[in-house]
Amino acid sequence: IREAAALGDTFSRYLQMSGRLREREAWLAMLKDATQQGAFTAEAANYEREDAWTRFQQGDPQGAVKQLQALIARLRSTTEFDPSFPLATSVVALGRLLDHAGASSQAVPILQEAIGLWEAQVEKVGGKPWESILATGDHAKAALELGNLSETMSGLAHALSSAGQHEEALEVAEKALRIGDQRLDGDRTV
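Residues numbered from 1 in each chain as written. Predicted model: local features only at pLDDT ≥ 70, side-chain atom pairs only at ≥ 80, totals over all residues. Heavy atoms only, no water.

### Describing the overall build of the chain
Alright, step 1. When helices and strands are counted, the chain shows nine helices and zero strands.
Alright, step 2. Within the chain, the proportion of its 190 residues that are buried is 43%.
Alright, step 3. Within the chain, residue pairs in contact and separated by at least 24 positions form 55% of the contacts whose partners lie at least 6 positions apart.
Alright, step 4. For the chain, the exposed area adds up to about 10,400 Å²; of that, 53% sits on carbon and sulfur atoms. (Helix = DSSP H or I, 4+ residues; strand = E, 2+ residues; numbered from the N terminus. Buried < 20%, exposed > 50% of the residue type's maximum accessible area, 1.4 Å probe, protein only. Contact = heavy atoms within 4.5 Å. Areas by Shrake-Rupley, 256 points an atom, 1.4 Å probe, with all protein chains shown as cover.)

Pasting the structure below:
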């Protein structure tokens, strides 16, 4: 199932990069339908999240919000797999969707929750809180999670700024930049 999901994601990216967006949307819908017929997996959650974003882009923000809320509820209650990573990405998607739809004040608490989920992921994978990982320079184990934490903080900073909370937005943006800079320092070569 994982190999098939990886192939499906690769083909989806190919369609997107080649500008074949309608075919990509049809492909994602087919994958979502196929995965709903089987067991609930992280891959099925990924397709559901992508389908909700497509729905938003096609002009149905309320339907997309409901779809993401249902997905998040299902992820919170599943015991079929470890839902922590797909839950974090889905909560981020809901927050970003609300922010893009002009509901920044509603997006703020959701993105704050997403930051907490990413902080937990960083600690789970890296073995210590993100601040400690940055202080020790041991970014390799949790590089993906740190990147997602930084991106989510950037999204929160945007939502805070859009909601008129500029000082808090600046604080969060500075943290996001600090994580990004620290994480990239280990990846840079001279």
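### Considerations on the environment of S162
Alright, step 1. Its location among the elements puts S162 in helix α8 (residues 143-162).
Alright, step 2. Along the primary structure S162 and S105 are separated by 57 residues, whereas in three dimensions their C-alpha atoms are 8.0 Å apart.

### Some remarks on the pattern of salt bridges
Alright, step 1. Inspection of every chain in the model, using the stated rule, returns five salt bridges.
Alright, step 2. Where R55 meets D60, a salt bridge forms, and the shortest distance between an N and an O atom there is 3.0 Å.
Alright, step 3. Looking at R55, the relative accessible area reads 33%, which means it is partly exposed.
Alright, step 4. Taking relative accessible area as the criterion, D60 reaches 30% and is therefore assigned partly exposed.
Alright, step 5. Measuring nitrogen to oxygen at the nearest pair gives 2.5 Å for the salt bridge that ties E113 to R76. Note that E113 is positioned in helix α6 (residues 104-126) and R76 in helix α4 (residues 61-77), a separation of 37 residues in sequence.
Alright, step 6. Here R76 falls in the partly exposed class, since its relative accessible area comes to 47%. (Salt bridge = Lys/Arg side-chain N within 4 Å of Asp/Glu carboxyl O.)

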